[in-house]
Amino acid sequence: MVKRNPHMSKLSGSYLFPEVKKRARALLEKTPEAKLISLSIGDTTEQLPPFVTQSLVQKAIAMGTASGYEGYGAEQGLDSLRKSISETYYKGLVAPEEVFISDGAKCDIARLQMLFGSDVITAVQDPAYPVYVDTSVIMGQTGSHTNSYYDRLVYLPCTAENNFFPVLDENTPPFDLLYFCNPNNPTGAVCTKQQLQKLVDFVKERGAFLIYDAAYSVYIQDPALPRTIFEIPGAKDVAIEINSFSKIIGFTGIRLSWTVIPKDLRFEEGPSVITDWNRIMTTCFNGASIIAQHGGLGALTPEGLKEIDTLVQFYLGNAKLLKDHFTQSGYEVFGGTHAPYLFVKTPHQSSWEAFDHFLYKYNIVTTPGSGFGPGGEGYLRLSAFGKRATIEEALSRLN
Ligand code: PL4
């Protein structure tokens, strides 16, 4: 008989989002006529804009011609897209060779586990996007939230009291890798330049690496707030940045993302991280869809950038409607200004109680904050991705 990976049994019963769906389905079984509204999973709802659609279509049509057909592409992605990301998104802060194109930020988070193996100690913000924790647990890292000496998974509380930015000082437990999401999922918090400088300096001081998830960076509206960790001096010595076209241009179904590995990032023994990442990508990945990559190229042209901004403003408009409503109704609400998520305090209920309240009373599906870690207990996460009419319908039910 084949033995199960022993770490699988340490995962919580089911991944957060399928659990949310299961509970929503349970309501529908009881009351099939209920018209559920989802403010839960962060999935884009607006159609692809015309210029980007055209970029996808043109390549799809070309693939049906003798001259335009292409088979496997480079595992690292099209040179043209790597260059475009380097120039358009990073304004030259990173070189094209440091950009690795991929099929999703989530997939790269999992591949990073392969890169670092199971001997590292991992730190996460609490609360955090569950993929950082669950992939670490699958690798064998576990922790107790109380951060005991033996833990290999440590939780850095990010609460309203510390503005959702962890306290980084001599009492912070040891770690090798720190996963950090900015703008943050689930809290919607966004970091200042000073906070990010503190983060980079602290990780450097600890001889650790920062895995910086910037999947929502285009939602940052204030030019004084950094959109990439590489705006921070010293970041190239410690940081890996993950980003994705999913929330930039509605590619959640198309699948396209990238990860930046600075050339100078080195392991303790000396070898460069980029060499190992290249080995992992060439071994475990066969390149992102050529058609999707052409869509990405279109998104980074001046026309595409305008389309990105229109989409971002639309979802931020939803966020504002939600934020205004909940604030006026007396809730304490965080996020929703530079991020497509709102973190709503549910003072007299646990997260799951509040989830049930919104589900059964208003037929609105939310995400319980506690699903992102104990630090999220007592909150609900609301996603601002949705059709405007859906958001308005949700608000009218709540009135
Ligand atoms: C539902 C911080 C959403 N089944 O689309 P990707 O793979 O390029 O990006 C995934 C991703 C990466 N990093 C962060 C994210 O928040 C997400 C997407 N998160 C959410 O509601 O929290 C979608 C979740 C999906 C999942 O589990 O990722």
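Just above sits the structure.
For the structure given in this document, a descriptive report is provided here.

As for the overall build of the protein
From N to C terminus, the protein includes twelve helices and 13 strands. Seen through its principal axes, the protein has C-alpha atoms that stretch 55 × 55 × 55 Å. Long-range contacts, defined as pairs at least 24 residues apart, comprise 73% of the intrachain contacts of the protein with a sequence gap of at least 6. About 17,500 Å² of surface is accessible on the protein, with carbon and sulfur atoms providing 55% of the total. Between the mean site of the 36 positive side-chain charges and the mean site of the 42 negative ones, the protein shows a separation of 5 Å.

Section: the packing of helix α4 (residues 105-116) against helix α8 (residues 273-284)
Helix-helix packing: each pair is described by the crossing angle between the helix axes and the interaxial distance. As a packed pair, α4 and α8 sit with axes 10 Å apart at the nearest point and diverge in direction by 115°. When you trace α4 past α8, the crossing you get is right-handed. Contacts between α4 and α8 involve Asp-108, Arg-111, Leu-112, Met-114 and Leu-115 from the former and Val-273, Asp-276, Trp-277, Ile-280, Met-281 and Cys-284 from the latter. When its residues are assigned to classes, the contact of α4 with α8 shows eight nonpolar, no polar and three charged.

A look at the sheet that holds strand β3 (residues 122-126)
A sheet is described by the order of its strands in space; here seven strands give the open sequence β2-β8-β7-β6-β5-β3-β4, paired in mixed fashion. Looking at strand neighbours, the two that pair on one side only are β2 (99-102) and β4 (153-157), the edges of this open sheet. Neighbour to neighbour, the strand axes of the sheet diverge by 20° on average, direction disregarded. Packing against the sheet, helix α3 (residues 79-89) makes contact with β2, β7 (239-244) and β8 (257-260), and its axis sits at approximately 120° to β2.

About the cut-offs
- Residues numbered from 1 in each chain as written.
- Predicted model: local features only at pLDDT ≥ 70, side-chain atom pairs only at ≥ 80, totals over all residues.
- Heavy atoms only, no water.
- Helix = DSSP H or I, 4+ residues; strand = E, 2+ residues; numbered from the N terminus.
- Contact = heavy atoms within 4.5 Å.
- Areas by Shrake-Rupley, 256 points an atom, 1.4 Å probe, with all protein chains shown as cover.
- Lys, Arg positive; Asp, Glu negative; His and termini not counted.
- Charge placed at Lys NZ, Arg CZ, Asp CG, Glu CD.
- Axes fitted to C-alpha atoms, helices over the stretch in contact; angles between N-to-C directions.
- Left-handed = near helix turned anticlockwise from the far one by under 90°.
- Nonpolar A, V, L, I, M, F, W, Y, C, P; charged D, E, K, R; others polar.
- Pairing = 2+ DSSP bridges.

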